[in-house]
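As a plain string of letters, each chain reads:
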Amino acid sequence: MKEQNIRQQQKLSLPKKIVSLGQNVWQALMGTSFDYTEIKLSKAIFLLAIPMVLEMVMESIFAIVDIYFVSKLGADAVAAVGITESVITIVYSIAFGLSMATTALVSRRIGEKRSEKAAHIAWQSIITGIIISAAIAIPGLLFARQILGLMGASDMLIEQFSGYPTIMLGGNVVIMLIFINNAIFRGAGDAAISLRVLVIANGLNIILDPMLILGLGPFPKLGIEGAAWATNIGRGVAVLYQFYILFKGSARVMLIPDKLRLDRQKIAQVLNIASGGIFQSLIATSSWIGLVRIVSSFGSEAVAGYTIAIRIIIFVLLPSWGLSNAASTLVGQNLGAHRPDRAERSVWFTARANMIFLGILSIVFIWAPTFFIELFTQEEAVVTIGAECLRIVSFGFIFYGLGMVLVQSFNGAGDTRTPTRINVVAFWMIEIPVAYVLAMHTSMGYKGAFFAIIIAEAIMTSISYFLFKKGRWKKTEV
């Protein structure tokens with residue numbers, strides 16, 4: 001009789017659990033006013049992770065949509081996008097570093113219950129981003145052709161497709177601001193707003209891409225330049241929406257125009273923390289540039305296959321970065337609230353989830369990589385190379401699933417120096433030299449560059465694990 005009552009209670013609790021799950025998902029998507037340093041840890045991670053994961057999916061859709069429509073223009077057009085993206089990753093690196101510093105500082109101030117200080121830091125981050133983006137736009141507009149040439153592009157490719165890097169580098173301010181403003185929202189715990197921002201940006205990009213690239217309806221056929229315009233317009237509108245929210249005051253951080261002033265001390269603090277994040281990302285992305293340069297030695301088909309495979313991998317890894325960002329926010333807020341043990345638990349909880357997620361996806365990509373490459377192109381040589389890249393790199397997903405969460409935990413604490421040193425070892429001292437030797441001096445050819453990625457990821461994760469366990473990140477002051 002007692003066992004029957006227990007079973008009956010379990011049956012009755014199942015609908016309640018489903019309703020509770022639905023309510024949590026709704027709260028995560030719509031936003032909440034919870035104090036994430038006080039509510040149950042699993043719920044805090046859940047509420048932050050869902051919009052952050054979806055936010056990263058939205059960010060990766062930019063790349064997937066662009067490459068899908070550009071692939072209709074041929075392998076040379078895809079190669080031009082790949083080469084340009086390898087250069088514009090410098091912009092992403094700076095935006096990533098600034099957003100990392102912004103998240104760390106804003107989350108720490110929010111954890112300390114000092115929202116006005118968080119808003120002041122937000123202002124300084126935005127000002128810094130605008131100044132830096134202007135410094136990048138001018139040479140980008142003037143020397144796009146020379147940049148393509150330095151990256152090994154052919155004369156024909158430079159002649160036909162130099163408009164793409166000109167537009168992307170010239171309009172880099174929208175990249176910078178969308179990263180920084182979303183970092184403000186994430187650091188404050190308003191991850192749902194960041195998600196809505198990218199839904200707007202992606203929606204416009206998806207609509208404009210085919211129209212501007214292929215010239216549908218009344219729109220002119222701009223080819224590869226249409227992809228650049230569609231992306232910049234989508235992001236530009238999203239940035240305007242971000243500022244509307246920040247000035248309106250419906251987020252945890254509110255920008256007040258009357259309090260806008262240049263604070264050199266705070267900008268120096270932002271840049272001090274950001275410098276570690278910028279160099280950390282530059283180290284990783286410069287290795288990406290190095291890999292593209294090595295792969296380009298094997299022709300446009302190799303670059304195109306590699307580019308498509310990497311875009312698919314980024315699509316998978318960006319949701320994982322969403323999980324990592326949730327852990328980063330909780331680390332910052334809990335350190336601000338003087339709860340380091342809770343900060344550590346949030347990292348291990350998120351790392352386990354990330355490893356399971358990427359482990360499952362690695363099995364799919366190892367088993368059927370050709371299917372995913374053929375979604376973008378039917379050129380046999382490109383499909384073969386892309387499938388090889390996707391299969392090989394997928395073997396390192398579990399390593400990266402753990403490593404990326406650990407690295408973000410250092411960043412969330414404001415310790416951006418440690419991940420920088422880790423990246424120097426993993427990407428400069430290991431990945432590039434190994435890729436060069438395996439690709440250029442063994443029978444492996446371009447596949448050697450793909451295997452070097454796995455080796456670098458495994459080393460990065462091993463070092464990160466050792467340093468995280470030492471616990472010095474808990475004592476970082478920002």
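Residues numbered from 1 in each chain as written. Predicted model: local features only at pLDDT ≥ 70, side-chain atom pairs only at ≥ 80, totals over all residues. Heavy atoms only, no water.

Undergrad: Just checking my understanding: could you explain the pattern of salt bridges for this structure?
TA: Between side chains of opposite charge, a pair can form as their charged atoms come close. On inspection of all chains with the given rule, the structure shows 5 salt bridges. When the shortest N-O distance is used, the salt bridge between arginine 109 and glutamate 112 registers 2.8 Å. Classification of arginine 109 by relative accessible area gives buried; the value is 7%. As a salt-bridge pair, arginine 261 and aspartate 263 come within 3.8 Å of each other at their nearest N and O atoms. Residues joined in a network through salt bridges with shared partners are Arg109, Glu112 and Arg114. (Salt bridge = Lys/Arg side-chain N within 4 Å of Asp/Glu carboxyl O. Buried < 20%, exposed > 50% of the residue type's maximum accessible area, 1.4 Å probe, protein only.)

Undergrad: Is there a simple way to think about the confidence of the model for the chain in this case?
TA: Low pLDDT marks stretches whose predicted atomic positions should not be read closely. Mean pLDDT over the chain works out to 85, with 94% of the residues at or above the 70 mark. Within the chain, the lowest mean pLDDT, 61, falls on helix H1 (residues 2-30), and the highest, 94, falls on helix H18 (residues 447-470). (pLDDT = per-residue confidence, 0-100. Helix = DSSP H or I, 4+ residues; strand = E, 2+ residues; numbered from the N terminus.)

Undergrad: In this structure, what is going on with a nonpolar patch on the surface? I would like to understand it.
TA: There is a patch of nonpolar side chains on the surface, built from Ile200, Leu222, Trp229, Ile233 and Val237 and spanning about 380 Å² of accessible area. With 3 residues, helix H10 (residues 224-248) is the largest single contributor of residues to the nonpolar patch. With respect to the helices, strands and loops of the structure, valine 237 is situated in helix H10. (Patch = residues over 30% accessible without salt bridge, like charges linked within 9 Å, V, L, I, M, F, W, Y side chains within 5 Å. Areas by Shrake-Rupley, 256 points an atom, 1.4 Å probe, with all protein chains shown as cover.)

Undergrad: Is there a simple way to explain the side chain of serine 346 in this structure?
TA: Structurally, serine 346 is set in helix H13 (residues 340-367). Owing to a relative accessible area of 0%, serine 346 belongs among the buried residues under this scheme. A polar contact is formed between the side chain of serine 346 and the backbone oxygen of alanine 343, at a distance of 2.5 Å. In this structure, serine 346 is in contact with Leu41, Ile45, Ala327, Leu330 and Val331, ignoring residues within four places of it in sequence. (Polar contact = N/O pair within 3.5 Å; in protein donor to acceptor, adjacent residues only side chain to side chain. Contact = heavy atoms within 4.5 Å.)

Undergrad: Would you take a moment to explain helix H9 (residues 191-214) for this structure?
TA: For an α-helix, the turn length of 3.6 residues means that residues three or four places apart are oriented alike. With 24 residues, H9 ought to run about 34 Å at 1.5 Å a step, and its terminal C-alpha atoms sit 35 Å apart, in line with that. At leucine 208, H9 is deflected by roughly 35°, the largest bend along its length, and proline proline 210 occurs up to four residues later in sequence. Positive backbone phi, approximately 75°, marks glycine 215, located one or two places after H9. (Expected span 1.5 Å × (residues − 1). Bend = angle between axes of the 7 residues up to and from the residue.)

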